[in-house]
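# Coordinates in review
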Amino acid sequence: MSALTLYGWQPSTYTRSVLLALLEKRLDYDLVTVTPFAEEGLDETYKTLQPFGKIPALTDGGFHLYETAAILRYLDEGFQGPPLQPSDPQARARMQQIIALLDSYGYRALVWDIFVNLGEPPSDAETLARGQQVGRTVLAEIAGKMDTPWLLGEALTLADCHLAPILRYAMAVPEGEALIAEHPKVRDWWQRIQSRPGWDSVLTLPPDA
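Reference entry: report on the structure contained in this document. (Residues numbered from 1 in each chain as written. Predicted model: local features only at pLDDT ≥ 70, side-chain atom pairs only at ≥ 80, totals over all residues. Heavy atoms only, no water.)

The next thing to look at is the overall build of the chain. A count of helices and strands for the chain gives eight helices and four strands. The C-alpha radius of gyration computed for the chain amounts to 17 Å, which stays within 12% of the reference 17 Å derived for 209 residues, consistent with globular compactness. With respect to the three principal axes, the spread of C-alpha positions in the chain is 45 × 45 × 25 Å. Here the chain holds 209 residues, and 47% of them are scored as buried. Counting contacts in the chain only where the partners sit at least 6 residues apart, residues at least 24 apart contribute 68% of the total. Summing over all exposed atoms, the chain offers an accessible surface of approximately 10,600 Å²; the carbon and sulfur share of this is 52%. Of the side chains in the chain, 17 bear a positive and 27 a negative charge, and the two mean positions are spaced by 6 Å. (Helix = DSSP H or I, 4+ residues; strand = E, 2+ residues; numbered from the N terminus. Rg over C-alpha atoms; globule rule 2.2 N^0.38 Å. Buried < 20%, exposed > 50% of the residue type's maximum accessible area, 1.4 Å probe, protein only. Contact = heavy atoms within 4.5 Å. Areas by Shrake-Rupley, 256 points an atom, 1.4 Å probe, with all protein chains shown as cover. Lys, Arg positive; Asp, Glu negative; His and termini not counted. Charge placed at Lys NZ, Arg CZ, Asp CG, Glu CD.)

A few words on the packing of aromatic side chains. Tallied over the entire structure, the rule returns seven aromatic pairs. Seen from their ring centres, Y14 and Y107 are 5.0 Å apart, and the 55° between their planes marks the pair as tilted. In this pair, Y14 is assigned in helix α1 (residues 13–25) and Y107 in helix α3 (residues 89–119), connecting sequence segments 93 residues apart. Ring geometry for Y74 and F79: centres 5.6 Å apart, planes at 85°, overall edge-to-face. Accessibility expressed as a relative area gives 23% for Y74, which makes it partly exposed. Among the aromatic residues, those joined into a ring-pair cluster are F63, Y74 and F79. (Phe/Tyr/Trp six-rings, centres within 6.5 Å; stacked < 30°, edge-to-face > 60°.)

Judged from the four bridges that link them, strand β3 (residues 57–60) and strand β4 (residues 63–66) form a sheet pairing that is antiparallel. Its bridge partner lying in β4, D60 is registered against F63. In textbook terms, the turn of a hairpin is the stretch between consecutive antiparallel strands, and for β3 and β4 this stretch comprises two residues, one of which, G61, has a positive phi near 65°. (Pairing = 2+ DSSP bridges.)

Ranked by internal contacts, the top residues of the largest apolar core, which has 54 residues, are L75, I142, L151, L167 and W189. Sorting elements by how many residues they give to this core places α3 first, with ten residues. Once you skip the residues sitting within four places of it in the chain, I142 turns out to touch R94, I98, L101, L102, L151 and L163. With seven residues, the next largest nonpolar core counts Y7, V34, L42 and A57 among its residues. (Core = buried A, V, L, I, M, F, W, Y, C linked by side-chain atoms within 4.5 Å.)

On to the pairing of strand β2 (residues 30–33). Sheet topology places strand β1 (residues 4–8) next to β2; four bridges connect them, and they run parallel. Bridge pairing in β2 links L6 to L31. After leaving β1, the chain enters α1 and then returns to the sheet as β2, a path that is right-handed. (Right-handed = clockwise from strand over helix to strand, strands pointing away.)

All right, on to the packing of α3 against helix α5 (residues 158–170) then. Here α3 crosses α5 at 10°, and the two axes come no closer than 9 Å. With respect to α5, the axis of α3 lies roughly parallel. Between α3, through M95, I98, I99, L102, D103, G106, Y107, L110, V111 and F115, and α5, the contact on the second element is made entirely by L158, A159, H162, L163, I166, L167, Y169 and A170. (Axes fitted to C-alpha atoms, helices over the stretch in contact; angles between N-to-C directions. Parallel < 35°, antiparallel > 145°, perpendicular 65-115°, else oblique.)

Turning our eyes to something else, we now look at the packing of helix α4 (residues 125–143) against helix α6 (residues 174–181). Packing of α4 against α6 brings their axes to within 10 Å, and their N-to-C directions diverge by 30°. Relative to α6, the element α4 lies roughly parallel. For the pair α4 and α6, the crossing hand works out as right-handed. In contact with L128, Q132, G135, R136 and L139 of α4, α6 contributes E175, L179 and I180. Residues that form the contact of α4 with α6 fall into these classes: four nonpolar, two polar and two charged. (Left-handed = near helix turned anticlockwise from the far one by under 90°. Nonpolar A, V, L, I, M, F, W, Y, C, P; charged D, E, K, R; others polar.)

Listed below in structure tokens is the structure:
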């Protein structure tokens, strides 16, 4: 058994971000499935790790951690393997900005307002319009500062791990795909993501999506 245990749900974008970082860092771990939408609700014992009942959470021996951004930084800074954060302070700040941008605006717009909304008929046109408007702004902010293969330079970072699972769902519906097509730099980035070794197995859509 590995010292690292990830508690999460594979279809979750946030769980997937951590899985991608684990893959890039080449770390061994155990995955314990915690389903947030189970009819019986979350196991109360899980709330000793995450008192708000969200996923994912991580344990490293007796060390417990939740919140995806914190987990990602811990995996990168606490273990050997390819670095997933820029060394330049400005680039690192930009990485944190992208992650916060996605958490605050992009996740809701691109996953719930577009992908989930369109997959649960009758879809709501007002929700879709809101998702498209906010999603377009989020993608424009990301694309506007991209001039390298990855979001922050020649090397992949935690920001790439954070964005890829969100875009995977947005790309699954024509409205999301059209939105991303408006931003060629993001579209080209997505093509590179698809050829990243091992990422397809993490980013595959659930059977019922």
